[in-house]
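# Structure assessment
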Amino acid sequence: MRRDLMRFIASRILLILFALFGLSVLIFVLARVLPGDPARMAAGWAAPDYAVEAMRKKLGLDKPLPLQYVSWLSDVLKGDLGYSIYTRRSVTIDAMQYLPKTLELILLTEIFSILGGIILGTLAGAFPYRLPDNVVRVLAYVAISMPAFVWAIILQLIFARAIPLFPAGGQLSPEVIPPPQITGFIMLDSLISGRLDCFMDALHHTILPALSLSFGSMMQNARILRMGMTDIRGKDFMLLGDALGLPFRLRVLRYQLKPASIPAITAMGMSVGADLANAFLVENVYNWPGFSRYGVTAMLNKDLNAIVAVVLVVGVVYAIANFIVDLMVIWLDPRIRHGVRSS
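Procedures and definitions
Residues numbered from 1 in each chain as written. Predicted model: local features only at pLDDT ≥ 70, side-chain atom pairs only at ≥ 80, totals over all residues. Heavy atoms only, no water. Helix = DSSP H or I, 4+ residues; strand = E, 2+ residues; numbered from the N terminus. Buried < 20%, exposed > 50% of the residue type's maximum accessible area, 1.4 Å probe, protein only. Contact = heavy atoms within 4.5 Å. Areas by Shrake-Rupley, 256 points an atom, 1.4 Å probe, with all protein chains shown as cover. Lys, Arg positive; Asp, Glu negative; His and termini not counted. Charge placed at Lys NZ, Arg CZ, Asp CG, Glu CD. Expected span 1.5 Å × (residues − 1). Patch = residues over 30% accessible without salt bridge, like charges linked within 9 Å, V, L, I, M, F, W, Y side chains within 5 Å. Salt bridge = Lys/Arg side-chain N within 4 Å of Asp/Glu carboxyl O. Core = buried A, V, L, I, M, F, W, Y, C linked by side-chain atoms within 4.5 Å. Axes fitted to C-alpha atoms, helices over the stretch in contact; angles between N-to-C directions. Parallel < 35°, antiparallel > 145°, perpendicular 65-115°, else oblique. Left-handed = near helix turned anticlockwise from the far one by under 90°. Nonpolar A, V, L, I, M, F, W, Y, C, P; charged D, E, K, R; others polar.

### Quick notes on the overall build of the protein
Summing up its helical and strand segments, the protein has 15 helices and 0 strands in all. Along the longest, intermediate and shortest principal axes, the C-alpha atoms of the protein span 85 × 60 × 40 Å. Across the 343 residues in the protein, those meeting the buried criterion constitute 43%. Within the protein, contacts between residues separated by at least 24 positions form 72% of all contacts whose residues are at least 6 apart in sequence. Accessible area for the protein stands at about 18,300 Å²; split by element, carbon and sulfur atoms hold 70% of it. Distance between charge centroids for the protein: 7 Å, based on 31 positive and 23 negative side chains.

And the structure:
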């Protein structure tokens, strides 16, 4: 079985690399055919033509498109994501500065989303068409239909303005000295350097934006889990459990929740990448210096290398999340384990 699993993992990694290569080609070409002249934007609108041409040569835009891609790919494989015409420095440095901040936000978002989805979905599935299920369904309609930035504004108005329990924005309070930069993750660096006060302050600042981002995916996960548990409720083995008088908690948690969680886990994996890509409006509302906000700024300024880097990072996060989901599904479902062994 271990050899079959290793073969499955190797095939998945090859597919991920192939998909990322295709994504890099697609976004590289799309970024360069968009309207607008990045050399003109980098040199300035009042710059003379010779300065614009010099900037075009510096950015490598004077070469044919295939040569530009080969040169860019060669640099990326060496860890160089190119030059940003917006920040006037390497995109690699930008990514190292902004990405950890967004990843911290996304991590807390997924914790809220997964825990909330499992708890609410289990309650709704265990008591279908009763009060818990009806409440969860109404909450799901409201949460899914409203964009994350609307939740961000509502939570900010309630819990930062009307009832000042949380800060209205930023990642740290002005009076708190940031920890020494070790990994770029403020909360992790705070723990490493023994700054518990800084860790608690950063966590305090992260709760509202993370909740705003998590509501949609949380209620979607709850709905999917509820549907799976409701379908399983009428199966023969569940009726047999009822007839044998198995405890309610055992029937729900062991025989109903576990098989019903597979579609929900798949949806949770997809939501990781989606939350990363859609976080820019929430980051704007909370003045969060994150990677998604940086990506939108790059698009508005036609910063080619930054655009490609942001899309690729989102693609990598999607790929890693789905790879982990595949392994979890294999672990949860014996039918898929048997399929892997047979293949």
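### Remarks on the environment of threonine 122
Relative to the elements of secondary structure, threonine 122 occurs in helix α5 (residues 91–126). Relative accessible area serves as the criterion here: at 13%, threonine 122 is assigned to the buried category. A sequence separation of 101 residues divides threonine 122 from arginine 223, and the C-alpha atoms of the two residues are 9.6 Å apart. The residues contacting threonine 122, other than those within four sequence positions of it, are Gly117, Leu225, Met229, Val252, Leu253 and Leu257.

### Side note on unusual backbone geometry
One non-glycine residue, arginine 88, lies in the positive phi region at around 60 degrees. Note that arginine 88 resides in the loop between α4 (65–77) and α5. Using a relative accessible area of 43% as the deciding quantity, one classes arginine 88 as partly exposed.

### A short note on helix α1 (residues 2–33)
An ideal rise of 1.5 Å per residue puts 46 Å on 32 residues; α1 measures up with 47 Å between its terminal C-alpha atoms. Listed in full, the buried residues belonging to α1 are Asp4, Phe8, Ile9, Leu20, Ser24, Ile27, Phe28, Ala31 and Arg32.

### Structural notes on a nonpolar patch on the surface
Taken together, the side chains of Phe21, Val25, Leu26, Val29, Leu30, Val33 and Leu65 make up a nonpolar region of the molecular surface, amounting to roughly 550 Å² of accessible area. For the nonpolar patch, the element with the most residues is α1, which contributes 6 residues.

### Regarding the nonpolar core
In this structure, Ile106, Leu213, Phe215, Met219 and Tyr286 are the most contacted members of the largest nonpolar core, which totals 27 residues. Looking at this core, the elements with two or more residues in it are α5, α6 (131–145), α7 (148–162), α9 (196–233), α11 (248–278) and α14 (304–332). In terms of residue count, the dominant contributor to this core is α9 (7 residues). Each residue touching isoleucine 106, except ones within four places of it in the same chain, is listed here: Leu213, Val272, Asp275, Leu276 and Ala279.

### Focus on the packing of helix α10 (residues 236–244) against α11
Two elements in contact, α10 and α11, have axes separated by 11 Å at closest approach and are oriented at 160 degrees. With respect to each other, α10 and α11 are oriented roughly antiparallel. Classified by chirality, the crossing of α11 by α10 is right-handed. Residues Phe237, Met238, Gly241 and Asp242 of α10 form the contact with α11, whose own contacting residues are Arg251, Tyr255 and Gln256. Of the residues that constitute the contact of α10 with α11, the class distribution is 3 nonpolar, 2 polar and 2 charged.

### Description of the pattern of salt bridges
Considering all chains together, one arrives at 7 salt bridges under this definition. Between aspartate 94 and arginine 89 there is a salt bridge, and its shortest N-O distance comes to 2.4 Å. Of the residues examined, aspartate 94 reaches a relative accessible area of 0% and is grouped as buried. Among the ionic pairs, aspartate 133 bridges to arginine 226, the shortest N-O distance being 2.8 Å. One end of the pair, aspartate 133, is in helix α6; the other, arginine 226, is in helix α9, with 93 residues separating them in the sequence. Of the residues examined, aspartate 133 reaches a relative accessible area of 0% and is grouped as buried. You can call arginine 226 buried: its relative accessible area is 8%. What emerges from the salt-bridge pattern is a single network uniting Asp133, Arg137 and Arg226.

### A word on the side chain of serine 261
Along the chain, serine 261 turns up in helix α11. Excluding residues within four positions of it along the chain, serine 261 makes contact with Leu225 and Leu332.

### Observations concerning the packing of α6 against α9
At a closest axis distance of 9 Å, the pairing of α6 and α9 adopts a crossing angle of 140 degrees. On the basis of the axis angle, α6 is oblique to α9. Crossing hand, α6 versus α9: left-handed. Contact residues: α6 offers Asp133, Val136, Arg137, Leu139, Ala140, Tyr141, Ala143 and Ile144, while α9 offers Phe215, Gly216, Met219, Gln220, Ala222, Arg223 and Arg226. Looking at side-chain class alone, the contact of α6 with α9 contains 9 nonpolar, 2 polar and 4 charged residues.

### Concerning the environment of arginine 254
With respect to the helices and strands, the residue arginine 254 is situated in helix α11. With residues near it in sequence (within four places) discarded, arginine 254 still touches Arg249 and Pro259.

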